[in-house]
Amino acid sequence: MGTSVVVVEAEVVGMVIFGGICFLWLFQRPSRTRNSHRIGILTDYKRRIEKARPCLLPGTVQREMMLMLRDERRVGARLLRKIGDRVNRWYQENGYAFAQVMNFGSLNSKEVVFEVVEGDITKLVIQFHDKLGNVVEGNTQVPIVHREIPKQLRPGHVLNMKAASQAVKNIHSLGLFSNIEIYPRLDEKNEGGVIVEIKLTEADQKSAEVSTEWSIVPGRGGYPSLASFQPGGSVAFEHRNICGLNRSLMGSVTTSNLLSPEDDLSFKFDYVHPYLDGVYNPRNRIFKMSFFNNSKLSPVFTGGPSCEEAVPPISVDRVGLKANITENFTRQSKFTYGLVLEEITTRDENSQISANGLRILPSGGISVDGPPTTLSGTGIDRVAFLQANITRDNTKFVNGAIVGERTIFQVDQGLGIGSKFPLFNRHQLTLTRFIQLKHVEEGSGRPQPPVLVLHGHYGGCVGDLPSYDAFVLGGPYSVRGYTMGELGAARNILELGAEVRIPVKNTQVYAFAEHGNDLGSSKDVKGNPTAVYRRVGHGSSYGLGVKLGQVRAEYAVDHNGGTGALFLRFGERY
């Protein structure tokens, strides 16, 4: 029995690539071969070819290999190893960790064969482990996990570590597991096959948290006393993964005065029911019901630049029920629609129901003849309305900088149910564009690109409009450089903004300009709080800022007054 040593002088005239096996078709020049068992080798390769599928190697790499062959007069073992190394490098660079060239040689005097095992997934195994690493029966139903696994990580596909990383992110987003590990290993029963094991450790289903705090309330004469120490606190609980279907029940109760909690009590209870159409249905709809009670200071009843101290605050208490369904189109784009039932109460700084806004008179007294605070005129409104929100978001991170587009449209439709039978249509449209100004290479440690942000927001209302639901101008998420509502409260508003972000070392500096306008609609709000509290209804600002982690340090100039101030903000403006 002899062995075959082949040295071929050849010219490439074509190439055909099959999955797992690459064939370079060569036109023979005068050559010399010593051959034994040629017919047997030919038969074996043809049999393997028939079982092969188109491989993943792109045409650009195939052409590169053809050029390497054309540049050489002799096709020897060194050249074949060089080509094999190039094939291996492409697979490794693109995440195919188990792909490699297994064999290469000549099929006959006109053909050179590269056999590549790409790492086909033959089996996917999902295991649940306890905190000690022992295999246990998990509470989570396996189809819940299967939904989050990309198709590229399922049997019949080639193992790609990028798909494995995406699977970890998807499963982690469920919030059900404290540890997620993916272990690929060779399948000993199938040549070139890979078994993918996903090992999951479930987080605790139930949790509760209690926190307390003490605040000091000035006593008589403005000095604190023992009795002025006021205890506050909050209680929060969560029950996750009910029935193993990722359903959850959570709630929180908060008060700033445990001695008299009825004076300042807020709560929120949520029930979340995902997979409304069934676990096996690819449509991803989530039902959510919320029961809430909260209180916030109203920016509608805020003084203008010359009378901030002359306007006592009005708080708006809301208690109600909200039920909605969210359909996720992508990870970031979604459609939400539902029903809201609310009771709204407006109160003064002494927690008394206030039917009108307040003003401080020059004599020091308080006038209660300000704009009405509610639609009913009593300080208490009840209302039912439909709410829908659609978000189209294709933004992404390029080395940490946001680029792409985001569009949000929301509409609230009154049903004529409640105080004064309110019928209204309140709508908002927000357009934000993050434009990458320079192409950069993506990767860990690479610099961020400079980005131009263009932003526009329109809000409008047709029909009944209580003062507390008027659109307000001014504030960190409206027009920077002004306090919340400092520019006005209106039925229709338009906000425009632009921001240029420049990366500097490991942070980002930016310059911005913004403008807000009530479009002449402030007078259409009942009682015209914009005019009563001496606000102008429009304003612009510009400034500079620097990002320090999650904090934005900004210097903004109020164009109306010509004064500037330094602000510290958390999170993103757009």
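Structure report, in brief. All values reported here derive from a predicted model rather than from experimental measurement. Counting restarts for each chain: residues are numbered from 1 in the order of the written sequence. In view of the model being predicted, local features appear only for residues whose pLDDT reaches at least 70, and side-chain atom pairs are presented and counted only at 80 or more, with totals across whole chains, interfaces and linings using the full set of residues. Calculation of side-chain values draws on the structure's entire complement of heavy atoms; hydrogens and water are dropped beforehand.

### Concerning the packing of aromatic side chains
Consideration 1: Two aromatic rings from Phe, Tyr or Trp, using only the six-membered ring of Trp, form a pair when their centres are within 6.5 Å; if the ring planes differ by under 30 degrees the pair is stacked, by over 60 it is edge-to-face, and anything between is tilted. This model, assessed by the stated rule, comprises 11 aromatic pairs.
Consideration 2: Relative to Phe512, the ring of Tyr510 has its centre 6.4 Å away and its plane inclined at 40 degrees; by these criteria the two rings are tilted.
Consideration 3: Throughout, exposure labels follow a simple rule: accessible area from a 1.4 Å probe, protein chains only, divided by the maximum for the residue type, with under 20% read as buried, over 50% as exposed, and the rest as partly exposed. The buried category is assigned to Phe512, whose relative accessible area is 4%.
Consideration 4: A connected cluster of aromatic rings, assembled from ring pairs, spans Phe237, Phe267, Phe269 and Phe291.
Consideration 5: The side chain of Arg426 reaches across the aromatic face of Phe385, ending 5.9 Å from its centre.
Consideration 6: Its guanidinium or amino end placed over the ring of Phe512, Arg480 lies 3.9 Å from that ring's centre, counting from NZ or CZ. Two conditions define a charge located above a ring, namely a distance within 6 Å from the ring centre to NZ of Lys or CZ of Arg, and an angle within 35 degrees of the ring normal.

### Points about the sheet that holds strand S7 (residues 120-129)
Consideration 1: Two strands pair if DSSP finds at least two bridges between them. Where helices and strands are cited, they refer to DSSP runs of H or I of at least four residues and of E of at least two residues respectively, numbered from the N terminus. A sheet is described by the order of its strands in space; here four strands give the open sequence S8-S7-S10-S9, paired in mixed fashion. Here the strands that pair on one side only, and so sit at the sheet edges, are strand S8 (135-136) and strand S9 (177-186).
Consideration 2: Where S9 and strand S10 (residues 193-202) come together, nine bridges link them in antiparallel fashion. Along S10, the bridge assignment pairs Tyr183 with Glu197.

### Let's talk about the side chain of Thr391
Consideration 1: Note that Thr391 resides in strand S20 (residues 380-393).
Consideration 2: There is a polar contact of 3.1 Å between the side chain of Thr391 and the side chain of Asn389.
Consideration 3: Apart from residues lying up to four places away in sequence, Thr391 is in contact with Gln332, Ser333, Lys334, Thr407 and Ile408. N or O atoms within 3.5 Å of each other form a polar contact, as long as, within protein, one can give a hydrogen and the other can take it, and as long as residues adjacent in sequence are counted only when both atoms are side-chain atoms. Here, residues are in contact when the closest pair of their heavy atoms is within 4.5 Å.

### A look at helix H5 (residues 161-172)
Consideration 1: Expected span, for any helix, means 1.5 Å times one less than how many residues it has. Taking 1.5 Å as the rise per residue, H5 with 12 residues should run 16 Å; its terminal C-alpha atoms sit 16 Å apart, in good agreement.
Consideration 2: Buried within H5 we find Ala163, Ala164, Ala167, Asn170 and Ile171. Angular distribution of buried residues about the axis of H5 spans 120 degrees; they occupy a single face of the element. Set apart from the buried face of H5 by more than 90 degrees, the exposed residues are Lys162, Lys169 and His172.
Consideration 3: Contacts from the buried residues of H5 go to helix H4 (142-146), S9 and S10. Taken from the helix axis, the directions to the C-beta atoms give the arc we talk about.

### Here's the deal with the packing of helix H2 (residues 59-70) against helix H3 (residues 77-93)
Packed helix pairs are specified by the crossing angle of their axes together with the interaxial distance, meaning the distance between the axes.
Consideration 1: Lines are fitted to the C-alpha atoms to define the axes, a helix being fitted only along its stretch in contact, and any angle between axes, read from their N-to-C directions, falls within 0 to 180 degrees. As a packed pair, H2 and H3 sit with axes 11 Å apart at the nearest point and diverge in direction by 165 degrees. The orientation of H2 with respect to H3, classified from their angle, is roughly antiparallel. Crossing angle aside, the handedness with which H2 passes H3 is right-handed. The residues of H3 that touch H2, namely those facing Val61, Glu64, Met65, Met68 and Leu69, are Leu79, Lys82, Ile83, Arg86, Val87 and Trp90. These descriptions rest on fixed angle ranges, namely under 35 degrees for roughly parallel, over 145 for roughly antiparallel, 65 to 115 for roughly perpendicular, and the rest for oblique. The sense of a crossing depends on the near helix, which, turned anticlockwise from the far helix by less than a right angle, makes the crossing left-handed and, turned clockwise, makes it right-handed.

### Description of the side chain of Ser419
Consideration 1: On the secondary structure map, Ser419 appears in the loop between strand S22 (401-418) and strand S23 (424-436).
Consideration 2: Those residues in contact with Ser419, other than ones at most four positions away along the chain, are Leu375, Ser376, Ile380, Asp381 and Arg382.

### Here we look at the pattern of salt bridges
One side chain can pair with another of opposite charge once the charged atoms of both are near each other.
Consideration 1: The salt bridge criterion pairs a side-chain nitrogen of Lys or Arg with a carboxyl oxygen of Asp or Glu, the two atoms within 4 Å. Across all of its chains, the model carries 27 salt bridges by this definition.
Consideration 2: The residue Glu148 makes a salt bridge to Arg331 at a minimum N-O spacing of 2.7 Å. Taken as a pair, Glu148 in the loop between H4 and H5 and Arg331 in the loop between strand S16 (315-328) and strand S17 (334-347) lie far apart in primary sequence, 183 residues in all.
Consideration 3: Here Arg331 falls in the exposed class, since its relative accessible area comes to 56%.
Consideration 4: One salt bridge in this structure joins Glu327 and Arg283, with 3.0 Å as the shortest N-O distance. Here Glu327 is found in strand S16, whereas its partner Arg283 is found in the loop between strand S14 (265-273) and strand S15 (285-297), with 44 residues between them in sequence.
Consideration 5: Arg283 sits in the partly exposed class, given a relative accessible area of 37%.

### Let's talk about the nonpolar core
Consideration 1: Val300 and Ala470 are the most contacted members of the largest nonpolar core, which totals 26 residues.
Consideration 2: With three residues, strand S25 (residues 471-473) is the single largest residue contributor to this core.
Consideration 3: Within this scheme, the nonpolar core is defined by two criteria: the residues are buried Ala, Val, Leu, Ile, Met, Phe, Trp, Tyr or Cys, and they are joined through side-chain atoms within 4.5 Å. Counting 24 residues, the second-largest nonpolar core is a separate cluster that includes Ile171, Ile182, Leu200 and Val279.

### Digging into H3
Consideration 1: Taking 1.5 Å per residue, 17 residues should reach 24 Å; H3 reaches 24 Å between its end C-alpha atoms and fits that length.
Consideration 2: Among all positions of H3, only Leu79, Leu80, Ile83, Gly84, Arg86, Val87, Trp90 and Tyr91 are buried. For H3, the buried positions fall inside an angular range of 155 degrees around the axis, keeping them on one side. Exposed residues lying more than 90 degrees from the buried face of H3 are Arg78, Lys82 and Glu93.

### Focus on the environment of Asn179
Consideration 1: Inspection of the secondary structure puts Asn179 in strand S9.
Consideration 2: Among residues more than four places away in sequence, those in contact with Asn179 are Lys199, Leu200 and Thr201.

### Comments concerning the environment of Asn492
Consideration 1: Position of Asn492 relative to the elements: it lies in the loop between strand S26 (488-490) and strand S27 (493-504).
Consideration 2: Separated by 22 residues in sequence, Asn492 and Ala470 place their C-alpha atoms 8.4 Å apart.
Consideration 3: Once residues lying within four places of it in the same chain are set aside, the contact partners of Asn492 are Tyr458, Gly459, Gly460, Cys461, Asn517, Asp518, Leu519 and Ser521.
Consideration 4: A polar contact is formed between the side chain of Asn492 and the backbone nitrogen of Cys461, at a distance of 3.5 Å.

### Re a nonpolar patch on the surface
Consideration 1: Two distance rules govern patches: like charges are joined within 9 Å, and nonpolar side chains (Val, Leu, Ile, Met, Phe, Trp, Tyr) within 5 Å, applied only to residues with over 30% relative accessible area and no salt bridge. Computed by Shrake-Rupley with a 1.4 Å probe, the accessible areas treat only the displayed protein chains as cover when residues are assessed. A surface patch of nonpolar side chains, about 750 Å² in accessible area, is lined by Phe329, Ile390, Phe409, Leu429, Leu431, Tyr458, Leu494, Leu496 and Leu519.
Consideration 2: Going through the elements one at a time, S23 and S27 are the ones with two or more residues in the nonpolar patch.
Consideration 3: With respect to the helices, strands and loops of the structure, Ile390 is situated in strand S20.
Consideration 4: Accessibility expressed as a relative area gives 37% for Ile390, which makes it partly exposed.

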